[in-house]
Amino acid sequence: MRIILASKSPRRSEILTNIGARYEVMPSDADESIAEGTSPVDAVCEISRRKARQISKKLSSEDVFVISADTVVVYGGRIIGKPSDEEDARRTLGLLSGTVHEVYTGFTLCRGEKSYTSHVSTKVYFRELSDEDIRAYVASGEPMDKAGAYGIQEKGSVFVEKIDGDYFNVMGLPVCAVCEAAKREFGIALENFD
């Protein structure tokens, strides 16, 4: 059986590699648009389902197990995606400065006709950011491909005072929940301790 990660995220790949999973990367190009007013939970779950279905259909003649995920940052009930440009990144970081926001990841596991979708949420507490903090961080280029304009596992970690929930969820893949669901729903162990 082939295990497929339907994502181009280097962070999701890193998480699976760290648990010894034997998998292939096959990014999905499924539509990620969502209707205005869709709740964050419904949004991440629907997009993760689309990604998994697309790859599963593409490889329908093979025995494959597909893992897909979608992550968003939510502040004040509003979904904050990846910044469109440096000015947008500065605005986003200024908005999150000194506040609490939530990170939602929806994930879908799929094998043949069977699929399972769930989500995890984590609260992230940001310290107050100075204008210089924001300017220097945006100039590093790191925020540009990340929901919420920061990476908790990289330089952006210096902004995070604490979290309430799953750290790996904030990185983009709640690995404990994914592994438990893979075993419970499909009888598949993703982790390899050899």
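A quick note: this is a predicted structure, and the numbers were derived from the prediction, not measured.

Procedures and definitions
- Residues numbered from 1 in each chain as written.
- Predicted model: local features only at pLDDT ≥ 70, side-chain atom pairs only at ≥ 80, totals over all residues.
- Heavy atoms only, no water.
- Salt bridge = Lys/Arg side-chain N within 4 Å of Asp/Glu carboxyl O.
- 1 Å grid on protein atoms, 1.4 Å probe; cavity = no way out; pocket = protein on both sides within 12 Å on 5 of 7 lines; lining within 4 Å.
- Points joined across faces, edges and corners; volume = space filled by probe spheres on them.
- Helix = DSSP H or I, 4+ residues; strand = E, 2+ residues; numbered from the N terminus.
- Nonpolar A, V, L, I, M, F, W, Y, C, P; charged D, E, K, R; others polar.
- Phe/Tyr/Trp six-rings, centres within 6.5 Å; stacked < 30°, edge-to-face > 60°.
- Buried < 20%, exposed > 50% of the residue type's maximum accessible area, 1.4 Å probe, protein only.
- Polar contact = N/O pair within 3.5 Å; in protein donor to acceptor, adjacent residues only side chain to side chain.
- Contact = heavy atoms within 4.5 Å.

A. Structural detail: the pattern of salt bridges. In this structure the tally under the stated criterion is 18 salt bridges. Three or more residues joined by partner-sharing salt bridges are found here, namely Glu86, Glu87, Asp88, Arg90 and Arg91.

B. Region of interest: the layout of surface pockets. Size it by volume and the largest pocket reaches roughly 690 Å³. Around the largest pocket, the lining is made up of 31 residues, and of these Arg12, Thr71, Lys82, Asp145 and Ala147 lie nearest the centre. Looking at the lining of the largest pocket, the elements with two or more residues in it are helix H1 (10-18), helix H2 (40-58), strand S3 (64-75), strand S4 (78-80) and helix H5 (167-171). Looking at the lining of the largest pocket residue by residue, the classes come out as 14 nonpolar, 8 polar and 9 charged. Of the voids in this model, the second largest pocket is the one considered here, and its volume is about 240 Å³. Taken together, 16 residues form the lining of the second largest pocket, with Arg53, Ser56, Cys110, Gly112 and Glu113 sitting closest to its centre. Contributing elements (two or more residues each) for the lining of the second largest pocket: H2 and strand S5 (100-111). Top element by residues in the lining of the second largest pocket is H2. It accounts for 5 residues.

C. Focus on the packing of aromatic side chains. In the structure shown here, the tally under the stated rule is 6 aromatic pairs. On the numbers, 6.4 Å between centres and 50 degrees between planes, the contact of phenylalanine 107 with tyrosine 116 is tilted. The class of phenylalanine 107 is buried, set by a relative accessible area of 2%. In textbook terms, an aromatic cluster arises when at least three aromatic residues are bridged by ring pairs, as seen for Phe126, Tyr137, Tyr150 and Phe159.

D. Fine view of the side chain of asparagine 192. Within the element layout of this structure, asparagine 192 appears in the segment after helix H6 (175-186). Among the polar contacts made by the side chain of asparagine 192, one reaches the main-chain amide nitrogen of aspartate 194 at a distance of 3.0 Å. Not counting residues up to four positions away in its chain, the partners in contact with asparagine 192 are Ile19, Gly20 and Arg22.

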